[in-house]
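Structure at a glance
Here are the chains, one letter per residue:
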Amino acid sequence: MTSTVDKTAKSNIKIESKPHQETGKAEPAPTAGVASPNTKADSEQVGLQQSGDASRRQLISGLAYVDILVRYAVARARAHGLDPDDEFRGLYISEEQIDALLGNDLAGLWPHPNGQPIAGAEEWAELLQQARDQWDVIIGRRSEANQPLLLSQLIQSFDLQPVEVDLFLIALAPEIDPRYERLFAYLQDDVTKKRPSVDLLLNLSTESFDQKLELRRLLTDSGRLLRSRLLVRFSEGAAREPTLLGQYLKPPARVVEHLLGQPGLDDEISEFTYLSFPDESVPWLPKELVVRLDQVPKEFADNGQYPFFSFTGGYGVGKRAAAEYLSLTLGRPLITVDTIAMVKSDLNIQDALNILGRDGRLLGAILYFTDWDSILEDGRLPEKVFQQLLTYPGIIIASGETNWQPEGRQRPRRLFQVPFNAGDYGQRLALWKHYLGEDELNQEGAELSLNQLSNQFQFSPGQIEDVVSTARDFAAWRQEPLSAHDLYAASRAHSNQKLVALATKITPRYRWQDIVLPEDTLSQLQEMVNTVRQRPTVYGQWGFDRKVALGKGLSSLFAGESGTGKTMAADIIAGELGQDLYKIDLSMLVSKYIGETEKNLNRVFTEAETSNAILFFDEADAIFGKRSEVKDSHDRYANIEISYLLQRMETYDGVVILASNLRGNLDEAFTRRLHFIVEFPFPEAVDREIIWKVNFPPEAPIADDVDFRLLARRFRIAGGNIRNIIMAAAFLAADENERVGMAQLLHATRREYQKIGRLIDEELFVLND
């Protein structure tokens, strides 16, 4: 039995290893120190700059301090009678041990024998105090780069008290040096107990039973070490409900790896988190936003109460870019959290946020939550989640599309709502030029194409970047240079395609030469195209944007009988503008149930806002009839539907085309809000002859007896009917293995007359005029 402090213990009184100046400059490794803004990653990682060697030396110094505590515990255990030579120690309890236990007062595992201090107690007290003093100095030391070392950073980030640091280091010891497993098994009098129990940690950290009772609260679930997930408590063996003192403690693997200079995120949250170290800022962030973000560190860093940001806006508007800019400015890493995946994960939200908060504190990181809307309940953030997030000392950014506010809650930090939008025409044009290469911009017609793309496709910055990448893929597949066609095709591909569920998508295939209309009607259609193309000039350069609050899109009415070319004209306009065309049958949206029509219309316009498409409402008479005098509730709700549609048309920035068979059925309130009303007259004989001719492709075989003038004079039918007749005649001729002749055309015309319910005059279908 040792009666004095042994030589080994004395030799370890020098806790600190080699002085910093003797080691030379260590190669930098990623740790939790804060870097200066805008540093590059040649010899250091942005956001985590620290000397790995210095941090490891500090950690080893901490274990040297723990070593003194363990040696003192061994001395007390031996003084109490633990026999290391007993080969059955821990496997049975002898009568002598029972008597010894009964003879002891309430105390720890190693009470002073007979209530008397162990031999050499004064020397031990002096040794422990000296070790504590040296350790306190080392904890406050900084690296050669004048930044906190990893262990010091951990203590500061989690606001640990000295006794909590002692408890943490003792639990950490077996993870660094396995010899502590055997020492702890010895001190716990059981070869199977290689991890320190709650009881052992308290015995190593206290001198009295009263103090032990006081400190046990630190190792409960509400204690800082377990609440912050720096330590986890577990049990072993057959005991189903072990006592608190009988449970064991260990630090999670992520905490250990971090202290060894390997930054990362816990495996439990890896499926919905991503750690990054931004090293360059995005050049297209709005200047006013950049200026405001630059002020954040100056305003809030001193008091440590960084704000809670709520970034709202659609895809690609710059929310992530702003988060990365903050990360770069503050020199801190960025943890991106997929909120949808987090909610769906096996972890409950509280546990996930606990682990996330711990890793964020270890790294000194900014937390960036995507798809924040998925965690809101009726537009509100659950109270427990909000309060849990507020305990995180760093910057939190919630990114979503819904505006939200915590109501009636006292909070210790600011909540900043930061709206993002896709930008105006000038910003979009600048972004197109930014993402396209010099060679691509110098191509003939490139500037005109970019002007039109910026005008007609209201993309966010992120979407423009995506479109350019897709367009280059299209060109690479053809092994040709990037063209305007590729940019338009990619733009349509990246527009919202959800309208397909509500409307019929029409791929434009007609050109001006395919439609036969009076000259004035054609001029009106071309003026519509020019109106769309010149919006940047009129609204932007000429300042009309300030004079017009609503109705900046283009709405028009195509009035005429069925088959007179209304759908074809819409097709041509879509092709000229390079946009998708969606045909919507309004008669299918109108519902007899109150409020359902408005819901259906709202769905269409909501999806259309991000579709960059032309809306073509067919059968407009179903809802656009004259508003009647209100005689009953049905009249009142019918008028509400019309008013709602007027409102949505005015707020839509795209092109809306209404098709009606009878212009006279339209309410005057509609006509005042329409930019164009285009009449599609029934074609006269001269026009019908042209329609017959243009609807035959050049490759189609036409018999010599076909007389287009005769067909035009005999049959007063619209262009749509003529197109149907020609198609039917072509199939008849193909089946007969002949060219398309008058016999097939007359037969097909008869069938078309039968289909539309016209009387058949047999003389009209005779071959000879």
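In the block above lies the structure referred to throughout.
Residues numbered from 1 in each chain as written. Predicted model: local features only at pLDDT ≥ 70, side-chain atom pairs only at ≥ 80, totals over all residues. Heavy atoms only, no water.

1. Details of the overall build of the protein chain
A tally of helices and strands in the protein chain yields 33 helices and 16 strands. Expressed as a percentage of the 769 residues in the protein chain, the buried residues total 49%. Contacts spanning at least 24 positions in sequence make up 75% of the contacts within the protein chain whose residues lie at least 6 apart. Accessible surface for the protein chain amounts to roughly 38600 Å². Of this, 49% is attributable to carbon and sulfur atoms. (Helix = DSSP H or I, 4+ residues; strand = E, 2+ residues; numbered from the N terminus. Buried < 20%, exposed > 50% of the residue type's maximum accessible area, 1.4 Å probe, protein only. Contact = heavy atoms within 4.5 Å. Areas by Shrake-Rupley, 256 points an atom, 1.4 Å probe, with all protein chains shown as cover.)

2. Quick word on the packing of aromatic side chains
Taken as a whole and judged by the stated rule, the model has 22 aromatic pairs. With 6.4 Å between their ring centres and 10° between their planes, Y65 and W135 make a pair best called stacked. With Y65 in helix α3 (residues 52-80) and W135 in helix α5 (residues 121-139), the pair connects residues that are 70 residues apart, well separated along the chain. W135 shares its class with Y65; the two are buried. Between F308 and F386, the ring centres sit 6.0 Å apart and the planes meet at 45°, which makes this aromatic pair tilted. Separated by 78 residues along the polypeptide, F308 in strand β6 (residues 308-312) and F386 in helix α17 (residues 383-390) bring together distant segments of the chain. Taken together, F308, F369, W372, F386 and W404 form an aromatic cluster joined through their ring pairs. One residue, R179, lies across the ring of Y180, its end atom 4.7 Å from the ring centre. Sitting above the plane of the F234 ring, K250 keeps its charged end 5.3 Å from the centroid. (Phe/Tyr/Trp six-rings, centres within 6.5 Å; stacked < 30°, edge-to-face > 60°. Lys NZ or Arg CZ within 6 Å of the ring centre and 35° of its normal.)

3. Remarks on the pattern of salt bridges
Applying the stated criterion across every chain yields a total of 29 salt bridges. Between E214 and R217 there is a salt bridge, with its nearest N and O atoms 3.2 Å apart. For R217, a relative accessible area of 46% puts it in the partly exposed group. Residue D486 pairs with R478 through a salt bridge whose shortest N-O separation is 2.3 Å. Relative accessible area serves as the criterion here: at 1%, D486 is assigned to the buried category. Several salt bridges share partner residues, and in doing so they unite D67, R71, D177 and R179 into one network. (Salt bridge = Lys/Arg side-chain N within 4 Å of Asp/Glu carboxyl O.)

4. A look at the sheet that holds strand β11 (residues 504-506)
Spatially, the six strands line up as an open sheet ordered β11-β13-β14-β15-β12-β16, and their pairing is mixed. Pairing within the sheet leaves two strands with one partner each, and these edge strands are β11 and β16 (676-680). Averaged over all pairs of adjacent strands, the angle between strand axes in this sheet comes to 25°, irrespective of strand direction. Where strand β12 (residues 554-560) lies against strand β15 (residues 655-660), six bridges are found, and the strand directions are parallel. Each residue of the ladder has a partner; that of L557, found in β15, is L658. On top of the sheet, helix α23 (residues 519-533) reaches β12, β15 and β16; it is set at about 150° to β16, its chief contact. (Pairing = 2+ DSSP bridges. Axes fitted to C-alpha atoms, helices over the stretch in contact; angles between N-to-C directions.)

5. Thoughts on the packing of helix α20 (residues 446-456) against helix α22 (residues 484-493)
Running from N to C, α20 and α22 point in directions that differ by 10°, and their axes come no closer than 10 Å. Relative to α22, the element α20 is oriented roughly parallel. Between α20, through S449, L450, Q452, L453 and Q456, and α22, the contact on the second element is made entirely by A484, L487, Y488 and S491. Along the lines of polarity and charge, the residues of the contact of α20 with α22 split into five nonpolar, four polar and no charged. (Parallel < 35°, antiparallel > 145°, perpendicular 65-115°, else oblique. Nonpolar A, V, L, I, M, F, W, Y, C, P; charged D, E, K, R; others polar.)

6. Description of the environment of G318
Looking at the element boundaries, G318 is found in the loop between β6 and α14 (319-330). In this structure the C-alpha to C-alpha distance between G318 and P461, which are 143 residues apart in sequence, comes to 6.9 Å. Residue contacts for G318: discarding those within four places in its chain leaves W284, L285 and F420.

7. Details of the nonpolar core
Judged by nonpolar contacts, the single largest core of 55 residues is most densely connected at L154, F168 and L187. The set of elements that each furnish at least two residues to this core consists of α3, α5, α6 (150-157), α7 (162-176), α8 (179-187), α9 (198-205), α11 (224-227) and α12 (253-259). Examining the composition of this core, we find that twelve residues originate from one element, α3, more than from any other. Of all hydrophobic cores here, the second largest spans 42 residues; its members include F300, Y306, A322 and L431. (Core = buried A, V, L, I, M, F, W, Y, C linked by side-chain atoms within 4.5 Å.)

8. Some details on α9
The buried count for α9 comes to eight of eight residues, which makes it a mostly enclosed element. Of all the residues in α9, the buried ones are V198, D199, L200, L201, L202, N203, L204 and S205.

9. Remarks on the sheet that holds strand β5 (residues 273-276)
The strands that make up a sheet pair up through hydrogen bonds in the backbone, lying either parallel or antiparallel. Reading across the sheet, the six strands line up as β5-β7-β8-β9-β6-β10 and stay open at both edges, with mixed pairing between neighbours. This sheet does not close on itself; its edge strands, each paired only once, are β5 and β10 (415-419). Ignoring which end each strand starts from, the neighbouring axes of this sheet average 20° apart. Two strands pair when backbone bridges link them, and strand β7 (residues 334-338) and strand β8 (residues 366-370) are joined in this way by five bridges, in the parallel orientation. When the bridges of β8 are listed, T336 appears paired with Y368. Set on the sheet, helix α16 (residues 349-363) makes contact with β5, β7 and β8; between it and β7 the angle comes to about 165°.

10. Re the pairing of strand β14 (residues 614-618)
Burial within β14 is extensive, with five of its five residues counted as buried. Taking every second residue as pointing to the same face, both faces of β14 are buried, with I614, F616 and D618 on one and L615 and F617 on the other. Two strands pair when backbone bridges link them, and strand β13 (residues 581-585) and β14 are joined in this way by five bridges, in the parallel orientation. Within β14, the position partnered with K583 by the bridge is F616. Sheet topology places β14 next to β15; three bridges connect them, and they run parallel.

11. Points about the environment of L482
Structurally, L482 can be placed in the loop between α21 (461-478) and α22. A relative accessible area of 9% means that L482 is categorised as buried. Linking L482 and V468, residues 14 residues apart in sequence, is a C-alpha distance of 9.5 Å. Ignoring any residue separated from it by four or fewer positions in sequence, one finds L482 in contact with L436, E440, Q443, A471, R472, A475 and L487.

12. Comments concerning α21
Between its terminal C-alpha atoms α21 stretches 26 Å, which fits the 26 Å expected from 18 residues at 1.5 Å a residue. The set of residues buried in α21 consists of P461, G462, Q463, I464, V467, V468, T470, A471 and A475. Looking at the buried residues of α21, the elements they touch are α18 (425-435) and α22. In the stretch just after α21, Q479 is the one whose phi turns positive, near 55°. (Expected span 1.5 Å × (residues − 1).)

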